[in-house]
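What the coordinates show
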Amino acid sequence: MNSDRRLIRKDSLEKLFKALKQNNKTIIGPALQNGKISYKISNNYSEITSDYIQTTQSSKEIAFPRTEKILAYSKNAEGMSVKGIDIKDIPEIVLWGVRPCDAIGIGELSAIFNWDYKDEIFNNRLSKVTVLGFSCSKADEYCFCTSVGGNPGNTEGSDILFTQLGENGDYLAEILTEKGSLIVSMAEALFERAGKVEKEKFLVDVPVRFNHEDVRNKLTTFFESGEWVQQSLKCLGCGACAYVCPTCACFDIQDEAHGKSGSRVRCWDSCGFSLFTLHTSGHNPREVQSQRWRQRIMHKFSYMPDRLSVFGCTGCGRCSRACPADMNILEHLISIQEATV
Amino acid sequence: MDDLRKRAKELLEASAVKVVIGYENGTENKTRAIFVEKPEDTGKLIFDSRCIMNLASYLTKHEVKNKGKMAVTATLPVMRAIIQLASEFQVNDSNLLVLGITPESKLIEFKDLAEVESFVHKYQIEIDVRNKEMLDKIDKMPASERWNFWIKELAPCFKCYACRAACPMCYCHRCTVDFNQPQWIPVPSHELGNLEWHIMRAVHLAGRCVDCDACYNACPLAIPLNLLTKRMLIDAKEHFGGYQPAIKAEHLMSTYKPDDKENFIL
């Protein structure tokens, strides 16, 4: 559908929040904890913060939780009973305050979960999510959405995208999908007709720093480059980058048994860990950190576009912000583009 | 800073070391590790109050130590970590040279690790006031409140293991959490999995942790997990007469004496 452009007063956002609560929506929005901005279930509008460039973690947990019991079993006299996840038990979620680089990530993640096998649990969870995006009027040194095809006012992935028209101004609401229209119908009176609005002039300028297609082309002959070792010397080998990333989708399956009952749990995993590729024989095809770092970049900028026609990076900069060793992915991608071999 | 660059340059020119590990400017006014292998690159080395990362974590890293003899820019916490690593046979005089930085930010030359040890022993490990107050507050909580405090604080943990990766003492090739036959610690980052991981981590660091706060600084979610190791330091002081890393040391967790107190056994 074509986007329907409306205006919502700054003071009306709280009223919208209340209307959604009245419609039994679970609202997940950015909130402050331990000095970090995280997505949390918000019961009151006052818990939501609007003063942030980006949340520490991505919103991927709404469809791909860090730890998810995918089935439970129990053994009794009659035999075995197995229970999976019932879609009816999944709440209707409104994701509030998502930045465009996060909203677009949901599509990239979806591409992975629907590559060959259609991941029913992921798809069911996602079907219950409505994304309220908020454009960016601020950016920092880590942001690079424009280098990977995005922009600070990108509508892709959002059901409604709000853009604040100047500091303390009202908001332009671009209603982009059926799900978005449904939200509007819950508080129709708050959405006024928008006159002519030049949205772009209220967006932050994020300069283009590299070309993702050039990086992709370079990577086709870059596998043996010494650059990987050089870049990854300071990498400590943790999984912070993968866990805050909106498109990292690797997981591990664990069985937790307690006597006659138990459960099967899907847990996040990361290609940054040496254990990730360790074989039963003791052989590890990615023995050292440089090979793991190479995998991370190759996967996002070569394998994903080749196989899924999407890049695995939204330019949100979270991995660089979260990195305890200040591995700055933007710098590394620029050096790959500029490398002569 | 000029002294540091000059010395690093001399060492590389004379091939006395293969790599100088130090700090360089990073993103948004942060600093980060740099591995200088050419004399002409020593100009990138910096040192100032922003340089808080514990560089000792790199000394046991495969791709770094394989370069050959290392020199490292080392503040007091880094030097303490180096001495502890030396006592655990992870570094020695043949593979490491310490470019010390005194608490007054002066470059100090050490002939060998024994000299580093003497310098380290001039200073006691003191837990800072803010954390001491927090620990006292936790101690005074009734058991159930303390339990809830930790369950709540550890709940955000998604087990990225940045705390482990940034800790100079967590150099094990395969960590206890990486074992699955048998599996000691539940992998999922649910309540039990998180609790067991953090307790295990803290206990493995008892009598080894040098209180550098690398774990806390590395945590992307700012979980105050250093309170656990700080508490271990206090216990080491109260029950075992204190802790100071030493090259030839009796390790607190692996030494038994017939007259050891047993008052901690419930």
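Please read these numbers as outputs of a predicted model, since none were measured by experiment. (Residues numbered from 1 in each chain as written. Chains lettered and ligands numbered in written order. Predicted model: local features only at pLDDT ≥ 70, side-chain atom pairs only at ≥ 80, totals over all residues. Heavy atoms only, no water.)

Topic: the overall build of chain B
Each helix and strand counted, chain B has 10 helices and five strands in total. In terms of overall dimensions, chain B is globule-like: its C-alpha atoms have a radius of gyration of 19 Å, near the 18 Å expected for 266 residues. Referenced to the eigenvectors of the C-alpha coordinate spread, the extents of chain B come out at roughly 60 × 45 × 40 Å. Here the analysis covers contacts within chain B between residues at least 6 apart in sequence; of these, 65% occur between residues at least 24 apart. As presented, chain B carries roughly 13,100 Å² of accessible surface, and 54% of it is formed by carbon and sulfur atoms. A distance of 3 Å separates the average location of the 35 positive side-chain charges in chain B from that of its 36 negative side-chain charges. (Helix = DSSP H or I, 4+ residues; strand = E, 2+ residues; numbered from the N terminus. Rg over C-alpha atoms; globule rule 2.2 N^0.38 Å. Contact = heavy atoms within 4.5 Å. Areas by Shrake-Rupley, 256 points an atom, 1.4 Å probe, with all protein chains shown as cover. Lys, Arg positive; Asp, Glu negative; His and termini not counted. Charge placed at Lys NZ, Arg CZ, Asp CG, Glu CD.)

Digging into the sheet that holds strand β4 (residues 96–101) of chain B
Residue and element names in this part refer to chain B. The strand order across the open sheet formed by five strands is β2-β1-β3-β4-β5, and the pairing between neighbours is mixed. The open sheet is flanked by β2 (31–36) and β5 (107–109), the only strands paired with a single partner. Here the average twist between neighbouring strands, direction ignored, is 30°. Taken together, the six bridges between strand β1 (residues 19–25) and β2 define a ladder with antiparallel strand orientation. Looking across to β2, one finds that Glu24 is bridged to Arg32. (Pairing = 2+ DSSP bridges. Axes fitted to C-alpha atoms, helices over the stretch in contact; angles between N-to-C directions.)

Regarding the packing of helix α5 (residues 212–219) of chain A against helix α10 (residues 329–338) of chain A
Residues and elements named next belong to chain A. Remark: α5 packs on α10, axes separated minimally by 9 Å, with the N-to-C direction vectors making an angle of 65°. Taken as a pair, α5 and α10 cross one another with a handedness that is left-handed. Side by side, α5 and α10 meet where Asp214, Val215, Lys218 and Leu219 of the first sit next to Leu333, Ile336, Gln337 and Glu338 of the second. Counted by class, the contact of α5 with α10 contains four nonpolar, one polar and three charged residues. (Left-handed = near helix turned anticlockwise from the far one by under 90°. Nonpolar A, V, L, I, M, F, W, Y, C, P; charged D, E, K, R; others polar.)

Here we look at the domain arrangement of chain A
All names here are of chain A. Domain boundaries assigned for chain A yield domain 1 (4–61 + 73–202) and domain 2 (212–338). For domain 1 versus domain 2, the distance between C-alpha centres works out to 26 Å. Between domain 1 and domain 2, the residue contacts involve 34 residues of the former and 37 residues of the latter. Between domain 1 and domain 2, the buried area comes to about 2,900 Å², and carbon and sulfur atoms account for 61% of it. The largest contributions to the domain 1 side of the interface with domain 2 come from Tyr73, Tyr142 and Phe144, which together make up 25% of the buried area. (Domains from an automatic or database assignment. Buried area = accessible area lost by both parts, 1.4 Å probe.)

Let's talk about the packing of helix α8 (residues 289–308) of chain A against α10 of chain A
Residue and element names in this part refer to chain A. As a packed pair, α8 and α10 sit with axes 12 Å apart at the nearest point and diverge in direction by 80°. Taken as axis vectors, α8 and α10 run roughly perpendicular relative to one another. On the side of α8, the interface is formed by Trp293, Ile297 and Phe301, while α10 contributes Ile329, His332, Leu333 and Ile336. (Parallel < 35°, antiparallel > 145°, perpendicular 65-115°, else oblique.)

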